[in-house]
Amino acid sequence: MEIELLEKENTPKNVIDHCKAVYKKAMEIAANFDNIDEELIRKGALLHDIGRSKTHGITHAVEGVEIAKKYGYSEDVLNIIERHIGAGITEEEAEKLGLPKKSYIPQTLEEKIVAHADNLISGSDEVDIDFVIEKWKRNIEDSDDNIERLIKLDNELIKAFEE
């Protein structure tokens, strides 16, 4: 159903492929946890970039929420879409980026899993945390806080389960 919705909204094929790869990675991460809402992760991961049917800018998360709202998606899915960018965006960062002033930091485990799975997929390929850190150093001005949040997410969702 979510794939059909992406297609109906004219989401580019490469973005749909990316969403599928993020879903696969999110389910891998989710396997580390008990009592996880896999259906919520599925919907959130597949729809996290639906806003890219309208823009590839930072506002794609906000646009995505508006699109998903039209189709009656629940608040928990909307939150995943809104909070999936990077390791989250603080209220201050949001204001600088021209987003509505509020926190876009993932709160629930499902939100964190989808956001981090998105970080670990470049295009449709899986990448490691070092790749992401280097990319962020190149592309984000004053990236230290973002990288710190990224490492914290990685420690919580992945490193904690490595032997």
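Overview of the structure. (Residues numbered from 1 in each chain as written. Predicted model: local features only at pLDDT ≥ 70, side-chain atom pairs only at ≥ 80, totals over all residues. Heavy atoms only, no water.)

Scanning the protein from terminus to terminus reveals nine helices and two strands. Order of helices (α) and strands (β) in the protein, N terminus to C terminus: α-α-α-α-α-α-α-β-β-α-α. Here the protein has a C-alpha radius of gyration of 15 Å; the compact-globule value for 163 residues is 15 Å, and the two agree. Each of the three principal axes of the protein carries a C-alpha extent, and together these read 40 × 35 × 25 Å. The proportion of buried residues among the 163 residues of the protein is 48%. When contacts within the protein are restricted to residue pairs at least 6 apart in sequence, those whose partners lie at least 24 apart make up 62%. As presented, the protein carries roughly 8600 Å² of accessible surface, and 46% of it is formed by carbon and sulfur atoms. A distance of 4 Å separates the average location of the 22 positive side-chain charges in the protein from that of its 37 negative side-chain charges. (Helix = DSSP H or I, 4+ residues; strand = E, 2+ residues; numbered from the N terminus. Rg over C-alpha atoms; globule rule 2.2 N^0.38 Å. Buried < 20%, exposed > 50% of the residue type's maximum accessible area, 1.4 Å probe, protein only. Contact = heavy atoms within 4.5 Å. Areas by Shrake-Rupley, 256 points an atom, 1.4 Å probe, with all protein chains shown as cover. Lys, Arg positive; Asp, Glu negative; His and termini not counted. Charge placed at Lys NZ, Arg CZ, Asp CG, Glu CD.)

Another point: the side chain of Thr11. Looking at where Thr11 falls in the secondary structure, it is placed in the loop between α1 (2–8) and α2 (13–30). For Thr11, the residues in contact, after removing those within four places along its chain, are Leu6, Ile16, Asp49, Ile50 and Ser53.

Note that all results are geometric; they support no functional claim without further evidence.
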